[in-house]
Amino acid sequence: MITYPIRFIDRILETACRIQQIAAPTFDESRRAAWVMDQFRALNLSDLHMDSAGNVLGCWPGTASAAPLVISAHLDTVFPLDVPLTLDRQGNRISGPGIGDNSLGVAAVLGLAELLKTQALRFPGDIWLVATTCEEGLGNLRGIQAVVERFAGRPQAYICLEGHGLGTILHRGLGVERLRVTARAQGGHSWVDYGRPSAIHQLMRLGSRVASTRVPIAPRTTLNIGRVEGGTSINTIAAEAWMEIDLRSEGAKALERLKARVNRRLTSVVEGVDIEVQVVGRRPAGEIPPTHPLVASAQAVLAELGVTARLDIASTDANIPLSLGYPAVTLGLTSGGRAHTVDEFIETTPFQKGFRQIVNLVERLAA
Ligand SMILES: [Zn+2]
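Undergrad: For this particular structure, what's the right way to read the coordination of the zinc ion?
TA: Protein ligation of the zinc ion involves H74 (NE2), D101 (OD), E162 (OE) and E162 (OE), the donor distances falling in the range 1.9 to 2.4 Å. The coordination sphere of the zinc ion comprises four donor atoms, whose angles at the metal cover 56 to 145°; the geometry is irregular. Counting gaps between the donor residues of the zinc ion yields the pattern H-x26-D-x60-E. Taken together, the residues span a long stretch of sequence, with H74 in strand 3 (residues 66-74) and E162 in strand 7 (residues 157-166) at a distance of 88 residues. Both residues of the pair, H74 and E162, belong to the buried class.

Undergrad: Explain empty space enclosed by the protein to me, please; I cannot follow it from the model alone.
TA: Any empty space left between the atoms is revealed when a probe the size of a water molecule rolls over them. Within this structure, the stated rule accounts for two cavities of 30 Å³ or more. Empty space within the largest cavity amounts to approximately 50 Å³. Lining the largest cavity are Q20, A23, A24, R32, T77, F79, P80, V83, L85, P97 and G98. Considered class by class, the residues forming the lining of the largest cavity number seven nonpolar, three polar and one charged. Empty space within the second largest cavity amounts to approximately 30 Å³. Forming the boundary of the second largest cavity are I2, L112, L115, L116, L121, F123, V359 and V362. Taken together, the elements giving at least two residues each to the lining of the second largest cavity come down to helix 3 (99-118) and helix 9 (351-366). Grouping the amino acids of the lining of the second largest cavity by side-chain chemistry returns eight nonpolar, no polar and no charged.

Undergrad: Just checking my understanding: could you explain helix 6 (residues 252-265) for this structure?
TA: Since the α-helix advances by 3.6 residues per turn, residues separated by three or four positions end up pointing in the same direction. Between its terminal C-alpha atoms helix 6 stretches 20 Å, which fits the 20 Å expected from 14 residues at 1.5 Å a residue. Of all the positions in helix 6, only A254, L255, L258, K259 and V262 are classed as buried. When helix 6 is viewed along its axis, its buried side chains cluster within an angular range of 135° and face the same direction. Of the exposed residues in helix 6, those oriented more than 90 degrees away from the buried face are K253 and R264. On its buried side, helix 6 packs onto strand 9 (175-184), helix 5 (199-211), strand 11 (221-230), strand 13 (240-249) and strand 14 (274-283).

Undergrad: What is the right way to read the sheet that holds strand 9 from this model?
TA: Consider a sheet: its strands pair through backbone hydrogen bonds, and that pairing is either parallel or antiparallel. Ordered in space as 11-13-9-14, the four strands form an open sheet in which the pairing is antiparallel. In the strand order of this sheet, the two ends are held by strand 11 and strand 14, each with one partner. Strand-to-strand twist in this sheet, taken as the mean axis angle between neighbours without regard to direction, amounts to 15°. Sheet analysis places strand 11 next to strand 13, joined by nine bridges and oriented antiparallel. The residue bridging L223 from the neighbouring strand is L247, located in strand 13. Against the sheet, helix 6 contacts strand 9, strand 11, strand 13 and strand 14, and its axis sits at roughly 160° relative to strand 13.

Criteria and thresholds
- Residues numbered from 1 in each chain as written.
- Predicted model: local features only at pLDDT ≥ 70, side-chain atom pairs only at ≥ 80, totals over all residues.
- Heavy atoms only, no water.
- Donors = N, O, S within 2.8 Å, 3.2 Å for Na, K, Ca; no water.
- Tetrahedral: all angles 85-135°; square planar, octahedral: opposite > 155°, others 65-115°.
- Helix = DSSP H or I, 4+ residues; strand = E, 2+ residues; numbered from the N terminus.
- Buried < 20%, exposed > 50% of the residue type's maximum accessible area, 1.4 Å probe, protein only.
- 1 Å grid on protein atoms, 1.4 Å probe; cavity = no way out; pocket = protein on both sides within 12 Å on 5 of 7 lines; lining within 4 Å.
- Points joined across faces, edges and corners; volume = space filled by probe spheres on them.
- Nonpolar A, V, L, I, M, F, W, Y, C, P; charged D, E, K, R; others polar.
- Expected span 1.5 Å × (residues − 1).
- Arc of directions from axis to C-beta.
- Contact = heavy atoms within 4.5 Å.
- Pairing = 2+ DSSP bridges.
- Axes fitted to C-alpha atoms, helices over the stretch in contact; angles between N-to-C directions.

Dropping the structure here:
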């Protein structure tokens, strides 16, 4: 078993606090990425580079040509640049925007790199340590997409780390498709030009059809029109209106079918109204079975630590490898809560087990 002093865990938590102080909204992660790059450089990782998607990658080389492991954590947060990155540490709790999602994840990747380096741990395959961009919001998992394009099906596993949710093994990726539908017409005066087509009238017709689309109960599939906007005034025939639609499914095929059904309902032709459908968000679904050796290993490691494993589904970086049939899981590192709010927090004590989980899993898989 790989050993390290308890002080090492405190240092990773301190690193998480340091990372939390560097703003990294989705699409604007470069400051945080540069900082991570400096840390990797200090550890003298091989093949250290930033790729075209802004991901930072470094390699701890293996002694033979066994399948590599890719360990990653996303750099980006949901917080815009103007959100103050206050940080508060009291007892067993650290609070601050982004501390759990995902400063702690990135700090754990750095901690693992340091452990590999300082203890000169050698395994038959390469261990790639990666910090990704664009995991949140409309980033559409662009960072991990580039990582998976590079490594494809060669890795033994893709392991994505998230600060929150110790005990959770995400082995299923929730598929998401987001559409923005815009209706455009000539518009006019509600009295004088009465009879001309209205962008709002047509958008509402389409919305009504979309809202009445049936979705399967299993695999769980959902549909939501979350935003509608348009028009100029109460007495103007609307020239423009739009709505945003969020489609989700546990099943890749079910999501495809729902997309096709919704799209058919959006293509009705009304003279004088143009309908534009844009895909503004896309996260593919995919999963490995609970019996997959990677899931079994992750469960076994947690069981050894006395942590009850919860197999679950979510939309994370692991979606991309899973959607292509590659083994991947997202693992949580500690307990905490209020993610995506400024009151976000993590508990420090459970992180001892959370980090130990990653070390033991890497040792088990890489050996
Ligand atoms: Zn996250």
